[in-house]
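Working through the structure, step by step
One-letter residues, chain by chain:
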Protein chains: 2
Amino acid sequence: MARTTGPRNLHGQVVQELGQMIVGGSLAPGEPLPREEALATRMAVSRTVLREALKVLAAKGLIETRQKTGMRVRETRFWNQLDADVLAWRCAAMPTDDFVDKLVEMREIVEPAAAAAAARRRDDAQLAEVAAAYQAMDEAMDLDAWAEADVRFHEAVLRATNNELLGSLFSVIQTALATYFLMSARTTANFRYSLPQHHAVYDAIRRRRPNAAADAMRGLISASRDTLKTRRAEKP
Amino acid sequence: MARTTGPRNLHGQVVQELGQMIVGGSLAPGEPLPREEALATRMAVSRTVLREALKVLAAKGLIETRQKTGMRVRETRFWNQLDADVLAWRCAAMPTDDFVDKLVEMREIVEPAAAAAAARRRDDAQLAEVAAAYQAMDEAMDLDAWAEADVRFHEAVLRATNNELLGSLFSVIQTALATYFLMSARTTANFRYSLPQHHAVYDAIRRRRPNAAADAMRGLISASRDTLKTRRAEKP
DNA sequence: ATAAATGATTTGTATGACAAATGACCCTGA
DNA sequence: TCAGGGTCATTTGTCATACAAATCATTTAT
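The sections below set out a description of the structure shown in this document. (Residues numbered from 1 in each chain as written. Chains lettered and ligands numbered in written order. Predicted model: local features only at pLDDT ≥ 70, side-chain atom pairs only at ≥ 80, totals over all residues. Heavy atoms only, no water.)

This part is about the overall build of chain A. If you tally the helices and strands in chain A, you get ten helices and two strands. Overall, chain A shows an N-to-C arrangement of helices and strands of α-α-α-β-β-α-α-α-α-α-α-α. Across the 236 residues in chain A, those meeting the buried criterion constitute 47%. For chain A, long-range pairs separated by at least 24 residues make up 72% of all intrachain contacts whose partners lie at least 6 apart in sequence. Within the structure as shown, chain A displays about 11,800 Å² of accessible surface, and the carbon and sulfur contribution to it stands at 52%. (Helix = DSSP H or I, 4+ residues; strand = E, 2+ residues; numbered from the N terminus. Buried < 20%, exposed > 50% of the residue type's maximum accessible area, 1.4 Å probe, protein only. Contact = heavy atoms within 4.5 Å. Areas by Shrake-Rupley, 256 points an atom, 1.4 Å probe, with all protein chains shown as cover.)

And the structure:
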C-alpha cells in the first residue's frame, strides 16, 4: 500500500532504484559500489540524499559500508528477505515460478497454523469480524469487491490469533503475491467458487476446532494455488 | 550478529535510541516528534545524522514524516514487526512472558514445516551439513559448544528447505529468542538431554519422511519451550 | 625483514542556505 | 454568517561545502 503511488521523495526513488539493481542482480554480491560522490553525480542527486538512501539499504541488509574501503553489496543470506521492499523488488526482478512457489509455500505454512490459533484463542469480537468479512464476500457482486473482502477475511483470521508477528508475516507475503495476481487479473466468471471453503474456515473458528480450521484453510490455499498456476499457464 | 558489538556510527546510535523509545512506548503512536532541529540539538548530533536515522526508522515503518506537519509515530500495525532491530527493541522493552510465547509460537509453526520441507527436498550435500551439525552436538563438551552446534543444526535444516524466506524468518525469530536465553544462561548439567530428539529429526530428513520430520521437530521445540519456562520460573 | 610512521582515499559528521509543500490565518464577497 | 480563495509561516526536503575519522597502501626506520 505504501508503494502503490511510488515514493515522491528523492531519496525514496534512489532507494528503489538501487534496491532494484541489487536485488535484481545488476550489482552482484561482493561487488563494490562506486564512491558516494561518483554515485551521487551519476544519479543526479546530492550526496546528502544518496547517503540517506544508502542508510536505508544498509538497514535492509543489502549493502555494507566501511570507511576507506567503500561500499559492497552483501551476500544474499544477510538480506532482510522479509522486508516488504526487498520482497517487492524480487517480485519485480524475478517473476519466476520458482519464487512464486516459495511465497505460496510460506502461505501454506503460516495460514493453516494461524487458523488453528484463531480457533483456539479468538474472542467474540474477532469472530464477528471474520463473520462480517465472510458476509461481504458472499454479497460481493464483482471481482473487485470480492477480492477486497477476501483480504479482509484473511486479515480478520490473522488478527484473531492475537499474535501480531503472524499478521505481519502474512501481510508481507500476501502483498508480494498480490503483485503476481494483479498482473494476470481478469474477471473470472466463477470467482465465488471458494466461498464454501471460506465458510468452512469461519465455522471451524466459530466452533473452536483448531484442527478443522487448519484443514479448511489448507484446502482454501491449495485451491487458490491451483488457480494461480492455471493463470500462469495461460500467460504465454 | 550485526548488533552484538553495537553500532559505533553516530546515526546507528541515534536509530537505536529513538527506536527503543518508540518500540518501548515512551513515544506513543500518533504522537508528534519534536522538529528535526530541536531533536538534533537535544540529541547532540547534527541534523544530517539525525535525518539519516529518521529515514531508517521510516523504512522500518516506525515513523512517518510530512512537510510542515512534522513527524509522527505510526500505529503499531504498520511497524515491520519482523525486522531484526524492531524485534530486538521489543525484547529489550517488554521482557514479558506474553511476547516470549508469541516468539515460541512462531517457532512452533515454522520449524516443523521447515523440517518437513527439508525431508522432501534436501539434496545429499545439505543432508551432510545436518549430519555434521548433529555430530558436533554429540561431541560438544561444554554448553557453549553445544549451543553453537545447536544453531548450526537448525540452520542446516532451514537451508535444506531451499526456501530462503523460511531461513530468514527463522533466523530473525531465533535471534530474538536468544536474547532471553542469554539472559538466563547458566551451565545446565544435562544440556545434552535433547540429543536423541535431534537425531530423530536428522533421521527423518535422511529417510525423506516429511511427517516424521515435522513430528520430531515438534517434540524438539516443545522440550526447549519447557526448559525456557522453567528458567523463567526460576528467575524471580 | 619486520614494524612503525606517513600519506592518500573514502566514508562519517557538521553547518548553512534555499526549495517545496502544506496547514493556518486572513481577507473578500455573496 | 459563511464559503471560497489567497497569502504567510513553518517544517521537511534538497543541495553544497568543509572538515574529522578511519584505514589501506606505501615508505621508512630499526
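Picking up after the structure, the text goes on.
Residue and element names in this part refer to chain A. Inspection of the sheet shows strand S1 (residues 63–66) paired to strand S2 (residues 70–73) by four bridges, in the antiparallel sense. Within S2, the residue paired with arginine 66 across the bridge is glycine 70. Between S1 and S2, which pair antiparallel in sequence order, lie three residues; one of them, lysine 68, sits at a positive phi of approximately 70°. (Pairing = 2+ DSSP bridges.)

What follows deals with the interface of chain A and chain B. In this assembly, 30 residues from chain A lie in contact with 30 residues from chain B. Carbon and sulfur atoms make up 62% of the surface buried where chain A meets chain B, a total of about 2,800 Å² over both sides. The largest per-residue losses of area from chain A upon contact with chain B belong to Glu52(A), Leu82(A) and Leu165(A), which jointly make up 21% of the total buried on that side. Remark: the boundary between chain A and chain B carries eight salt bridges. At the junction of chain A and chain B, the tally comes to 15 residue pairs in polar contact (both at pLDDT 80 or more). Listed by contribution, the elements that provide at least two residues to the side of chain A that touches chain B are helix H3 (47–59), helix H4 (84–93), helix H5 (97–121) and helix H8 (164–183) of chain A. (Buried area = accessible area lost by both parts, 1.4 Å probe. Salt bridge = Lys/Arg side-chain N within 4 Å of Asp/Glu carboxyl O. Polar contact = N/O pair within 3.5 Å; in protein donor to acceptor, adjacent residues only side chain to side chain.)

Attention now goes to the relation of the copies chain A and chain B. With an RMSD of 0.1 Å, chain A superimposes on chain B once it is rotated by 180° and translated 0.1 Å along the axis. As the rotation angle and translation indicate, the two copies are arranged about a two-fold axis. Looking at the interface residues of chain A, 100% of them are also at the interface in chain B, so both copies use one shared face. (Least-squares fit on C-alpha atoms with pLDDT ≥ 70 in both.)

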